[in-house]
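Below are the chains, spelled out letter by letter.
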Amino acid sequence: MNGSHLLVVLVSGIWSAHFLLANALSKAINPFAIGFVIRLGTLIVLTALAAGSGRFGELFRLRGEGWKLVCVGLLGFLLDATSFIGFRYSNADTGTVLLKTDILMANLITILV
């Protein structure tokens, strides 16, 4: 197994753990609180990585792309909000299948737009 295959297996494992954890937590805690904590953790990790690589300043030199970033952020928030609410009332199997169809839906919308 070469490095690219190992990376795919690793990412699949991470997503599986993410979905199982989100499913379990959504049944015990408010889904929006879970989403907030996950996004806050992501912000901290990505900010640390960008600062560590010396590329943090590039984020502030983007001109005319702000509206695209806001659209991506808004759609990402809506996807996460609906997924965490769905995990509260369903199981991880159904949630995983539905969340993985987001790639197909994004491609279809891209073709239409």
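Structure's up top.
Residues numbered from 1 in each chain as written. Predicted model: local features only at pLDDT ≥ 70, side-chain atom pairs only at ≥ 80, totals over all residues. Heavy atoms only, no water.

**Some details on the nonpolar core**
Counting residues in each nonpolar core, the largest one holds five residues, listed as F19, A22, I34, F84 and F87. If you list the elements that add at least two residues to this core, you get α1 (3-28) and α3 (66-89). Those residues within four positions of I34 in sequence are excluded, and the remaining contacts are L25, S26, I29 and F84. (Core = buried A, V, L, I, M, F, W, Y, C linked by side-chain atoms within 4.5 Å. Buried < 20%, exposed > 50% of the residue type's maximum accessible area, 1.4 Å probe, protein only. Helix = DSSP H or I, 4+ residues; strand = E, 2+ residues; numbered from the N terminus. Contact = heavy atoms within 4.5 Å.)

**Some words on the packing of helix α2 (residues 31-52) against α3**
In contact at an axis separation of 9 Å, α2 and α3 are set at 130 degrees when each is read in the N-to-C sense. In terms of orientation, α2 and α3 fall into the oblique class. Our pair here, α2 against α3, has a crossing hand that is right-handed. Residue-level contacts link P31, F32, I34, G35, I38 and R39 of α2 to D80, A81, F84, I85 and R88 of α3. Among the residues making up the contact of α2 with α3, the classes are represented as seven nonpolar, one polar and three charged. (Axes fitted to C-alpha atoms, helices over the stretch in contact; angles between N-to-C directions. Parallel < 35°, antiparallel > 145°, perpendicular 65-115°, else oblique. Left-handed = near helix turned anticlockwise from the far one by under 90°. Nonpolar A, V, L, I, M, F, W, Y, C, P; charged D, E, K, R; others polar.)

**Describing a nonpolar patch on the surface**
Side chains of F32, L74, L75, F77, L78, I85 and Y89 sit close together on the surface and give an oily, nonpolar patch of about 780 Å² of accessible area. If one sorts the elements of the nonpolar patch by residue count, α3 sits on top with six residues. Tracing the sequence through the fold places Y89 in helix α3. The exposure class of Y89 is exposed, given its relative accessible area of 69%. (Patch = residues over 30% accessible without salt bridge, like charges linked within 9 Å, V, L, I, M, F, W, Y side chains within 5 Å. Areas by Shrake-Rupley, 256 points an atom, 1.4 Å probe, with all protein chains shown as cover. Salt bridge = Lys/Arg side-chain N within 4 Å of Asp/Glu carboxyl O.)

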